[in-house]
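# Coordinate inspection notes
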Amino acid sequence: MKNIKFITMTIFLISNLAFAEGDHDHSSHKGHDHSKQEEKHDDHDDHKGHDHSKHDDHDDHSKHSDNKGHDHGASKAIGKGRAIEIVDEKKGFKLSKEAIKTLKLRLQNVDGDQFEISKATLVSSKSIKGVYRFRAGFFKLLSAKILKETKSGYKVKVAGVEFGDQIVINGVGLLRVTDVYSTDKSEYGHSH
Amino acid sequence: MINKVIEFSVNNRMFVFMATLLLIVFGLKSFQELSIDAVPDITNTQVQINSQVKGLVPEEVERMVTFPIEYSMNGIPGVETIRSISRYGISQVTVIFKEGTDIYKARQLASEKLQNIELPVGVVPEMGPISTGLGEIFHYSIEAKSPEKDGEKRLLQLMELRSIQDWYIKPRLLTVKGVTEVNTIGGYEKQFFIQPKIDLMSKYGLHFDDIEAAIENTNLNVGGGYIQQTGEQVLVRGVGLLKGIKDIENVVVKRLSSYQVVKIKDIAQVKFDKEIRTGAATVNGEESIIGTAFMLLGENSRAVAQRVSSKLEDVKKDLPEWVELKVLYDRSNMVNATLSTVEHNLLMGAGLVMVFLLLLVGNLRAAIITSLMIPVSLLMTFILMRWQNVSGNLMSLGALDFGIIVDGAVIVIENCVHRLQKKGEELGRELSRAEVKQLVIDSAIEIRSAAGFGELIVITVFIPLFALTGVEGKMFGPMAMTFIMALGSALLLSFTVVPALAATFLSGKTRDKKPFLMSMAEKLFKPTLGFALRFKKGVLGIGIASIVMGVFLFSRMGAEFIPQLDEGDFAIQFIRPANISTENSVKLQRLSEDIIKEFPQVKDVFARTGAAEVATDPMGVNISDSYIMLKEKNKWPHDDHIQNKKDLMNEIKEKLELYVPGQVLMLSQPVELRFNELLEGTRAAISAKVFGDELDKLISYSKEVAEIVGEIDGAGEAESESKGKSPMLQYTPKVEELAQLGVTARPVLDAISTAIGGREVGHVFDGVKRFPIVTRLSEGERKDVMTVRKLPVGISDGFTVPIEQVADIDFVETFSAVSRENSQRRVAVLVNPDTRDIESFVNKAKKEVESRVKLPEGYFIEWGGTFKNLQSAKERLGILVPLALLMILAMLYAAFKNFAQVILIFTCAPMALIGGVLSLNIMGMPFSISAGVGFIALSGISILNGVVLVTYFNRLIKDGKSPDEVVKEGAMTRLRPVLMTALTDIFGFLPMMFSTGLGAEVQKPLATVVVGGIISATLLTLIVLPSLYRLFIKFMQPELNKEAYGT
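Residues numbered from 1 in each chain as written. Chains lettered and ligands numbered in written order. Predicted model: local features only at pLDDT ≥ 70, side-chain atom pairs only at ≥ 80, totals over all residues.

### A look at the overall build of chain B
A tally of helices and strands in chain B yields 38 helices and 32 strands. C-alpha extents for chain B along the principal axes are approximately 130 × 80 × 60 Å. Each of the 1047 residues in chain B was classed as buried or not, and the buried ones make up 55%. Look at the contacts in chain B between residues 6 or more apart in sequence, and 81% of them connect residues 24 or more apart. (Helix = DSSP H or I, 4+ residues; strand = E, 2+ residues; numbered from the N terminus. Buried ≥ 20, exposed ≤ 12 C-beta atoms within 10 Å, placed from the backbone. Contact = placed C-beta atoms within 7 Å.)

### A look at the overall build of chain A
Helix and strand counts for chain A come out as three helices and nine strands. For chain A, the sequential pattern of α-helices and β-strands runs α-β-β-α-β-β-β-β-β-β-β-α. Residue pairs at least 24 apart in sequence account for 58% of intrachain contacts in chain A once pairs closer than 6 positions are excluded.

### Some words on unusual backbone geometry
Unlike most non-glycine residues, Asn-284 of chain B shows phi in positive territory, near 50°. Of note, Asn-284 of chain B is situated in the loop between strand 13 (279-283) and strand 14 (286-295).

### Focus: the packing of helix 14 (residues 407-427) of chain B against helix 16 (residues 470-495) of chain B
All names here are of chain B. Across the interface, helix 14 lies against helix 16 with an axial gap of 8 Å and an inter-helix angle of 15°. With respect to helix 16, the element helix 14 is oriented roughly parallel. Of the two elements, helix 14 crosses helix 16, and the hand of that crossing is right-handed. Counting all contacts with helix 14, which are made through Gly-408, Ala-409 and Val-412, the residues of helix 16 involved are Ala-490, Leu-491, Leu-493 and Ser-494. (Axes fitted to C-alpha atoms, helices over the stretch in contact; angles between N-to-C directions. Parallel < 35°, antiparallel > 145°, perpendicular 65-115°, else oblique. Left-handed = near helix turned anticlockwise from the far one by under 90°.)

### Topic: the pairing of strand 17 (residues 570-575) of chain B
Residues and elements named next belong to chain B. Judged by how many residues are buried, strand 17 sits mostly within the fold: six of six residues are covered. Covered by surrounding structure in strand 17 are Phe-570, Ile-572 and Phe-574 together with Ala-571, Gln-573 and Ile-575, the residues of both alternating faces. By the bridge criterion, six bridges tie strand 17 to strand 19 (residues 623-630) in an arrangement that is antiparallel. Across the sheet, residue Phe-574 finds its bridge partner in strand 19, namely Ser-624. The pairing of strand 17 with strand 20 (residues 664-668) spans five bridges and is classified as antiparallel. Directly across from Ile-572, in strand 20, lies its bridge partner Leu-667. (Pairing = 2+ DSSP bridges.)

### Observations concerning the environment of Ala-120 of chain A
Residue and element names in this part refer to chain A. Within the secondary structure, Ala-120 sits in the loop between strand 4 (114-118) and strand 5 (123-125). By C-beta crowding, Ala-120 is classed as exposed, having 12 other C-beta atoms within 10 Å. As a C-alpha pair, Ala-120 and Lys-80 span 40 residues in sequence and 30 Å in three-dimensional space.

### Some points on the confidence of the model for chain A
Scored by pLDDT, chain A comes out at a mean of 67, with 56% of its residues at no less than 70. Scored below 50 in pLDDT, residues 185-192 of chain A shows 27 contacts in the model against residues more than four places distant or in partner chains. (pLDDT = per-residue confidence, 0-100.)

### Considering the pairing of strand 6 (residues 179-186) of chain B
Residues and elements named next belong to chain B. In terms of burial, strand 6 is largely enclosed, as seven of its eight residues are buried. Judged from the seven bridges that link them, strand 6 and strand 14 form a sheet pairing that is antiparallel. Bridge pairing in strand 14 places Gly-186 opposite Ile-289.

### Remarks on helix 16 of chain B
Residue and element names in this part refer to chain B. Helix length check: helix 16, at 26 residues, gives a terminal C-alpha distance of 37 Å against a target of 38 Å (1.5 Å per residue), a fit within 8%. The largest bend along helix 16 reaches roughly 30° and is located at Phe-476, with the proline Pro-478 sitting one to four residues downstream. Here helix 16 lies mainly inside the structure; 19 of its 26 residues are buried. (Expected span 1.5 Å × (residues − 1). Bend = angle between axes of the 7 residues up to and from the residue.)

### Structural notes on the sheet that holds strand 12 (residues 268-272) of chain B
Residue and element names in this part refer to chain B. Strand order in the open sheet made by the four strands is 12-7-25-24, with mixed pairing throughout. The two strands at the open ends of the sheet, each matched to only one other strand, are strand 12 and strand 24 (759-766). Each neighbouring strand pair of the sheet contributes to a mean axis angle of 20°, computed without reference to strand direction. Sheet analysis places strand 24 next to strand 25 (residues 769-775), joined by seven bridges and oriented antiparallel. Bridged to Phe-765 within strand 25 is Arg-770. Across the sheet, helix 7 (residues 208-218) lies against strand 7 (192-196), strand 24 and strand 25, angled at about 25° from strand 24, the strand it touches most.

### Some points on the environment of Thr-1008 of chain B
All names here are of chain B. Examined against the element boundaries, Thr-1008 turns out to sit in helix 36 (residues 1000-1031). When the 26 C-beta atoms within 10 Å are taken as the criterion, Thr-1008 is described as buried. Separated by 456 residues in the primary sequence, Thr-1008 and Phe-552 place their C-alpha atoms 19 Å from one another. Beyond its immediate stretch of four places on either side in the chain, Thr-1008 contacts Ser-919, Leu-920, Met-923, Met-925 and Met-993.

### Focus on helix 34 (residues 963-973) of chain B
Buried residues of helix 34 of chain B: Pro-963, Val-966, Val-967, Gly-970 and Ala-971 of chain B, and no others. Buried residues along helix 34 of chain B cover an arc of 100° about the axis, so they all sit on one side. (Arc of directions from axis to C-beta.)

### So, the packing of helix 30 (residues 866-896) of chain B against helix 33 (residues 929-958) of chain B
In helix packing, the relevant descriptors are the interaxial angle and the interaxial distance, both defined with respect to the helix axes. Residue and element names in this part refer to chain B. The contact between helix 30 and helix 33 brings their axes to 12 Å, and the two run at 5°. It follows from the interaxial angle that helix 30 and helix 33 lie roughly parallel. Of the residues in helix 33, those touching helix 30 at Leu-870, Ala-873, Val-881, Ile-888 and Phe-896 are Ile-929, Ile-936, Ile-943 and Val-950. Considering only residue class, the contact of helix 30 with helix 33 consists of nine nonpolar, no polar and no charged. (Nonpolar A, V, L, I, M, F, W, Y, C, P; charged D, E, K, R; others polar.)

### Remarks on the environment of Ile-922 of chain B
Residues and elements named next belong to chain B. With respect to the helices and strands, Ile-922 occurs in helix 32 (residues 908-922). A tally of 10 C-beta atoms within 10 Å means that Ile-922 is categorised as exposed. Sequence separation between Ile-922 and Gly-1012 is 90 residues; the distance between their C-alpha atoms is 9.9 Å.

Below, the structure written as structure tokens:
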């Protein structure tokens, strides 16, 4: 008597057939063309010709090599067509060009592991200080050692930054949120 | 009894007409006074107890506040469930009482218990507003016409706007009848901040307590009673109240031994600054202030929303020139839109019923008389609804099918016309009025059992719906009640007003002119019936095959509780990392709103991030509830590829996911979101609640469950409710060092709470408005880890030490929230499935989770959401519907005294199944309780057809006709009433079946089942029933002699 189908069938004097599960196709809305909404990513014009597309290295994604394969449950917040395209333990995380534009990220070239940064560029997380490196399309937080405080900011030494790399000088706050979200450092509901 | 009523009505027509007129007047009045809403309010009786617990982390809030309150509430009689959530600074305990408990009694009992709970100093539990899930009926925003761009100026502007809301708009709205609370979120409370400079305080040997004491000693007015003069008296007062920043700056804190005076301005900066917010509001991508009006429990949401709207129009006139008040959400719009759907369907249905009556009866007067019963019975229903406090909504009024309702009247009037015509033919002359009267009485009496009995059966099948409790009871009880009221009204009218009108207006020359439609139907039916009677066993086979096929298809169907009401607008819940700051959460929200606003279909988008002033919904700042208000459909751009809400929601979601990182999106609707929260304590259609003791384990299991559920087809969004841990800067007093200094830990703890958390040390009054004076470090110093290590701790008068000397300072992690249900901790997995087939989805999810997640002892999973309502409804109906059917069998047996005939009549019901199931399949709908109600109604309606046919067959047998003649003549003669009732029933529901208006989806399954079922039931009944009657004639008429049975 625990099934409404049974109830209704009782109404119709038939009550003893089992119910198989329906095989419904509920394929979600997919394949929409966003080309109209995509805007040209031109925020990096001042980055001395740095071309992100050339650095879109998809060859070595040991942890998350599939650009569709980072679905968390059904939230699907990471993958192709999403703001965070790839998360890689070594390289960091890769954002869609639309997300980079939305977060108003600005990059600055550095020519070695020691350089001056503004106060807004420095990331503080608990006791850690760091900067975001941008290399080959991936953002990664690297620990920074403050060498001295200057008028406009700090002189820092960052291990892991090399000639040709760029660091994020604007939009660091939201980039940090994205990092926490993508790499699950706050034990946010996305297990890795 | 009924015979006497019919005779009385015909013989006292003026009395009947006057009574009807009176009924119409009362009906109209009742309609005006009827409580109108979109859907029934399904919220249970619950009391929310909110406590602001400044400074405590969730686990401490749980231990020191939530648990004692929960424990105390457990003893209250009638308590069914207790849920709680403990967050940083907030404790909320929700006590759910048994169905039917008076809310005021429940609050009284809870209030009495609250008096005796020992809670930490300063924690004052407060009960939430007396409201429900439908309570948030009105949202508005307060904004400057020209928002300041500069940060400081904008801050002051937001403070000013917040003051206008708190001290001007809110008090006026609270006077509106039916408003129980006005909640505010957004902006900044105007606060005077004293921001001490740590180095200067150390220099003068000052503690934070010194500032507090200085303000307390200065900021007060005193009364001196009065003095008497000659014949007069003069009041005396001392005025010390501080009036603003300058006054605060000049308060003396200390006099040094050098007689130098240290004022507040010497050691601190006094300014307006940002409070530590637990929530923020955004409107169309800008920070703003949002006010929400809560409706008092039991009020009429449309009426209250209209009153709020009107009051706000008054308020607007008195607002400063630079302020703009904008209505964001007005519930009356949704109610009006859904009611307009109901109204449209009812009117269309009634119109179609009238047209078909005219086409099928072929007698204008008879058609008009029957059609008149539609508005009259509706008005009578309004009177009864008003009397029984049943509100008019999608579920109650939306379920009315005038075709079904006037079935009784149709049968009576059809028989009158038929008999008048027959008598006229027999006599070969026009009938006198007296003869007409007598014939009407005879006809009505003759058919009373078929008409009355059939309708009584329909009423009986609805009775089990009253036994539903909880959400399903609140949803379908009013529906059953209204349907029965309407049927009862129509039944009464068909034995009173219909005969009276027929006796007055039907002509003595009445000729039963066969309308074209009927002639056509008879032409088609006659050979078909003849063929069927030749192959009776074959027909029996077809009947059985149809039933089997219906059952098979039925068994393959998915199921849901009821279709989700389309509220017109929609909501998106953004969930961000637990440790996100308020500012960053607001930034992400603003970016998201900018994107949403780009869609030309969107009128406004607004959001609440975190908890509001009255924390009815204690969300963390990492969660934003966004409401997307859409333009009217005709204002959507025609050349855009998005032309419906579902596509728009998907496109917005896809674009947000591509453009804005760091957040999970969950789609919902404004009312749905609140209902889910209030009913289940979670904010999704389905929730898998993992219970246990250790939060770490619970979070881990919940993530595992979310992953598994997320992999199932149709999962949509599946997300663990827990946002894990947040970092925390923890100071632990060094006991030994403090002992050496000869002080307790208190000064250390006070320094933390005042310097970082802020302490209210007094108020500045501006008329009746009062604004807090708060001592706290500046924002720059608060977030500087180095500075907060140097906080001065007052050891003795004039002596301070840096806090790092007397306390260990570490970053640790804490849980962002602790949820409990029935005294156990739990973490829920929230699922908003894509599929409408909730039942098979949950069954599959349960199976998968049970097989893949191995829980240790003491841990278990409970599934909740609308699925639970579906289950509960099934269980109750599973017992009660068969009982009702047994009752019908008994009623039929009492009427026909022949078991074979009873069974034959009863077979009409399964013959309706195939049509109902097929129509649901064609329309792509799963089974739902709404469709179930359709099947229940259908069983009654189809049995009515059987009753009409078998009654007539029996009469013909009595008249001495042979079995073959009986079935042929009987079926041909009764073709018209059967077709008339069927077609009116179908056309009464047809507009609802194809309606696309707001809210139409809720009753579509009901209409679809009834329309499809009646088609199959009518076709099969007209063919199969006569064949079976003839085939089993010896069982139908055992008293006939064997020769008469024939073959």
